[in-house]
Amino acid sequence: MLVLPAPMIVALILGFLFVRSLLAENRPGLFSALLALCALQSVLISLAQYYGIHQLRFVQPVTGSCIPPLAWIVFLTTAVRPFDPQRDLLHLAVPAFVAFCTLFVPEALDVVVPLVFAVYGIGVLWVLRAGADSLPLARLETGNLPRLIWGGTAMAFLISALSDALIGVAMLTGYGWIQPTLISVFSSLVLLWVGLVSLSLTLVGGRDVQTAEDPQPSLAATDLAATDPAEDAALMDRLQALLESQQLYLDPDLTLARLAKRLGVPAKQLSATINRSTGDNVSRYINGNRIRAACARISAGDSITVAMLESGFNTKSNFNREFLRVAGMTPSAWQVANRA
């Protein structure tokens, strides 16, 4: 009876998901590349650890060290800022340095590879520390879910670094026989998590293409943050007028970055103003407008599904969560109460 090791099973799952991602529409190519890299790493681990192809152990550190930088670039370019080749391609130096260590200083790999995972994990957590509006390119419809998912990815990287440290301790203390088990369990879980993350539609940002209608605020304005209540009130009036006149909240791809561009202010200033004025983050504020629009549609006779889609929501789970928060009851309960 053929028994496949855990890393090979994970590789097969990730390979299947990779094919699905290629067939899906509107999936950023970087997500598919990350999924393919995780599948490849699972195959290499399985072949080297369980099928005796030990030469692949010289390849594993290099391919493994590609995962955190690629995940970091995916994180930034789908949630924080547009792709910047001059900045983002510099991360190719990480696997290049690991390749150098593999060839000339292999004893350094026990420190370098875990450090790569730890540094990028901490980097993601550092960006997320700003709170709910730390991801200006994330679709506001998704609420806090992108932040939670990327936080989980950062923790997966830290767990991977910890597992490498445990393997080193096991080798030094004469428990090297548990190395295959540690690699199988921790690597499989981390790779599977990152692979599944790359399929999440929640992480696909909105269409934030700069146009003449979406002016970029000047550099001088970027550092300004309104603290005067009168300035906050004026910006909130402009925001609500824009939302009501153009009904931007009905667009499921609306993001903080795009909304700030339309108002000609920095995203951080808009986020801070909404927080000070309403006590909500931008996502909750916009979703409040969407739920009120959905309530009006349901009251007018539309079905819950039609009201959901026409009010700017893509997923039923997000819609139900926000409806309960804003209206204090489920959509079906609202429908019954307002059609009685």
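Quick summary incoming for the structure in this document.

Conventions we followed
Residues numbered from 1 in each chain as written. Predicted model: local features only at pLDDT ≥ 70, side-chain atom pairs only at ≥ 80, totals over all residues. Heavy atoms only, no water. Helix = DSSP H or I, 4+ residues; strand = E, 2+ residues; numbered from the N terminus. Buried < 20%, exposed > 50% of the residue type's maximum accessible area, 1.4 Å probe, protein only. Contact = heavy atoms within 4.5 Å. Areas by Shrake-Rupley, 256 points an atom, 1.4 Å probe, with all protein chains shown as cover. Salt bridge = Lys/Arg side-chain N within 4 Å of Asp/Glu carboxyl O.

So, the overall build of the chain
Then, in step 1: For the chain, the count of helices and strands is 16 helices and zero strands.
Then, in step 2: Looking at the chain residue by residue over its 340 residues, the buried ones come to 48%.
Then, in step 3: In the chain, the share of contacts with a sequence separation of at least 24, taken over all contacts with a separation of at least 6, comes to 72%.
Then, in step 4: Accessible surface for the chain amounts to roughly 17,000 Å². Of this, 66% is attributable to carbon and sulfur atoms.

A closer look at the pattern of salt bridges
Opposite charge on two side chains makes pairing possible when the charged atoms of those side chains draw close.
Then, in step 1: Evaluated as defined, the whole model comprises eight salt bridges.
Then, in step 2: D251 is the salt-bridge partner of R258, the closest N and O atoms lying 2.3 Å from each other.
Then, in step 3: For R258, a relative accessible area of 18% gives the class buried.
Then, in step 4: For the salt bridge of R284 with D280, the shortest nitrogen-to-oxygen distance reads 3.3 Å.
Then, in step 5: You can call D280 partly exposed: its relative accessible area is 21%.
Then, in step 6: When salt bridges that share partners are traced, they join R321, E322 and R325 into one network.

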